[in-house]
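# Secondary and tertiary structure notes
Letter by letter, the chains look like this.
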Amino acid sequence: MCGVRGLGVRGWLLLGLVTVIVLAATGVWNPFPRLWDWVDRSQPISEPDVVWQQRVGGTPRSVTFAGDTVVVEQRTRVEARSLATGAQLWERKADWAAVAGGGRDAVVAVGKLLVKGYDLIDPTTGVVRRHDDDAVAVWTYRNLLLDARCVAATDCTLRAWDPRGTRPLWTAFLPGVSTGLLADNPNLLDSRRFTANRIDDGVAGPEAAPPLLGFPVDGRVHVVDTATGRVVQDVQPGRDERLAVIGGRLLRITATARDGACYFVLSARDPATGQEVWRRTGVNPRTSDDGGCAQRQDPLGARNVLVGVGPDGREAVLDGYDGRLLLVDADGEKLLAVDDRYALVRSADKESIAARELATGRGLWSRPVPGRAAAALTPYAAVLVTEKPSRLVALDPRTGRELAGLRSSANALAVGPSGMIIGEGREIGYVRFGAGAPGDPGPLPPGTDGGGGPGPGGSDGVPGPTGSCGPKRELCYEQDDDKDR
C-alpha cells in the first residue's frame, strides 16, 4: 500500500493563498483591500490618459452622448454614466436601447426583443417619462422619434413624437411593416454609410430626421413626409430597379446587363408629383456586388449625398436633391468618409488624408497619415485611426486643428460636442477636446431639419441647399460661431 502524505507546509500555504484569492475575487472577503485594488486596477487605454476610465458590465454594443450623460448599450442591459466623472447613474435590463433628441432634451428608448412596447427614459435620472405597450419598432432622431404599432399584419400606424413629448405630432397609416422592422432603428430605404475599422458605426449619434423616409412594405416603398405624416408615394420597384429616398427625392436605380457589363441609370423624382427632376448614367452607386447587376444594397452615401464610381474608376459625390457633382476624386484617390458638408480623401500615394468642402469643392486641409488608416466624419470632429503606430486623432473637420491626439489601440465609440468616448473590451474612457472645440448646436425644433429653408417636407419639401446652411444647418452654426468670436 502506498502511504498518503500530508500537504506539507508549502501545500497548505498554497491552498490558503488560492482560497484568499477566490474569496477576494468573488467579493466574499478581502483581507487586503488596497492590495486587491492594485491588482484589479485597469490599465490606461490611451496615452495621454483619459479624463476618466470605467469598466462596464459587458462589451458595449453602442455608446451615445445624451446631454451630460453617456448611455452605454450592452447585450442584456443599458446604463447611463456621468459625463463629468464616469460614475454610473442608473442601470436596467434591456435588449436594445437608442437615444433620441439632442443635448439636455435627449431621451433613451429601451425595450426587449420580440416584446411589444418600449420605455422612454430620462438619461440623467433613469425615470420613465413615457411608456408604450404596443409599438413593434422605433426610429430615433435628433429632433424626432417615430414608432410603428400594428393591430393586424396589414394594418399599422406610424406615429411621430417630439423626443420629450407626450402626444403624437402626427400619425400615418401603413399597410403592414417589413418583417425586419423590429426593435430600434430597423433599416429603411436610404443611403448606406461608410464603415471604418475601429470606429463605431453610430459614432456620430442621432441625426436630424430627413424630410422624407422610405418604408419597405411587401415589396413596395411607402414614402412618408416627416413633417406632416402624409404618404406622398406608394411605389412598386421595377424588376431591375432599386429605390432609395435621399435628399428629399425618390431615387430609382436601374441596373441592366449588356455586353458583359452592368450599366446603371440614376433617376431622381419629385415624390409629390412623380416627375423626374434629374438623371445620370454611367455612375455605379455600389448597390450590387462583384460587378453583377443584382442590386442587394442601398447606395453608398450619407444624409443628402450619395457616392458612386464613374466609368473612369474615379469616385464621385452627388447631391441627392439636384444631381450635381459635388466632388470627383483624382486618379488613385480613395474616399474615406463623407457627409453633406465635407469629404475626407486618401491620397493616391497613401501618405496623407485631405478634407474638402462639398459646397465649394475647395481643399480645406491635409494631414500626413502614412500607412493604413480609417476615418469618419461627425458634426463635431473628423476622426482618424492608424494601426502602425496605433493612434486615434480627432480634428476640427473645417480647419484640421487637432482636438485630441492619442496613442491607443482603443475604438472610437462616440463623439460629442466636448469630447469623445473610446473603448477597448469592457473599458471605456472619456477624452475631452481642447479649448475652442466645435460647440453643440443644441436640439432642433420639432418638425424641422435645421436647414436654412423649410423643415422636412415643408412648403418646398426639400432640405436647405448644400451651399447655404446644409440640410441640418451645420454651416450656419459655424457662421454664427464665427460672428461671436
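Before reading on, note that the structure itself is shown above.
Residues numbered from 1 in each chain as written. Predicted model: local features only at pLDDT ≥ 70, side-chain atom pairs only at ≥ 80, totals over all residues. Heavy atoms only, no water.

### Focus on the state of the cysteines
Simply put, the disulfide is a covalent bond whose two ends are the sulfur atoms of two cysteines. Throughout the structure, instances matching the rule amount to two disulfides. The residue that forms a disulfide with Cys150 is Cys156, at a sulfur-sulfur distance of 2.0 Å. On the sign convention where negative means left-handed, the S-S torsion of about 105 degrees between Cys150 and Cys156 marks this disulfide as right-handed. For the residue pair Cys150 and Cys156, the accessibility class agrees, reading buried in each case. Covalent S-S linkage joins Cys262 and Cys293, the inter-sulfur distance amounting to 2.2 Å. You can see Cys262 sitting in strand S20 (residues 261-269) and its partner Cys293 sitting in the loop between strand S21 (276-281) and strand S22 (301-302), a full 31 residues away along the chain. On the basis of relative accessible area, Cys262 is assigned to the buried category, the value being 17%. (Disulfide = S-S within 2.5 Å. Buried < 20%, exposed > 50% of the residue type's maximum accessible area, 1.4 Å probe, protein only. Helix = DSSP H or I, 4+ residues; strand = E, 2+ residues; numbered from the N terminus.)

### Here we look at the sheet that holds strand S11 (residues 145-152)
The sheet built from five strands is open, its strands ordered S13-S12-S11-S10-S14 with mixed pairing. Single-partner strands in this sheet number two, and they are strand S13 (170-174) and strand S14 (183-184). Of the strand pairs in this sheet, S11 and strand S12 (residues 155-161) are connected by seven bridges, and their pairing is antiparallel. Within the sheet, the bridge partner assigned to Asp147 lies in S12 and is Arg159. (Pairing = 2+ DSSP bridges.)

### So, the sheet that holds strand S29 (residues 363-368)
Taken together, the four strands give an open sheet; going across it, the order is S26-S27-S28-S29, and neighbouring strands pair in antiparallel fashion. Each edge of the open sheet is held by one strand with a lone partner, namely strand S26 (334-338) and S29. The mean angle between the axes of side-by-side strands here comes to 20 degrees, regardless of whether they run parallel or antiparallel. Both strand S28 (residues 352-357) and S29 contribute to a ladder of five bridges, which runs antiparallel. Residue pairing across strands places Ala355 opposite Trp365, the latter belonging to S29. (Axes fitted to C-alpha atoms, helices over the stretch in contact; angles between N-to-C directions.)

### Considerations on the packing of aromatic side chains
Enumeration over the complete set of coordinates arrives at three aromatic pairs. Measuring from ring centre to ring centre gives 5.4 Å for Trp139 and Phe215, while their planes differ by 85 degrees; the resulting arrangement is edge-to-face. Taken as a pair, Trp139 in strand S10 (residues 135-140) and Phe215 in strand S15 (residues 212-217) lie far apart in primary sequence, 76 residues in all. One exposure class covers both Trp139 and Phe215, and it is buried. The rings of Trp52, Phe65 and Tyr430 are connected pair by pair, giving a single aromatic cluster. (Phe/Tyr/Trp six-rings, centres within 6.5 Å; stacked < 30°, edge-to-face > 60°.)

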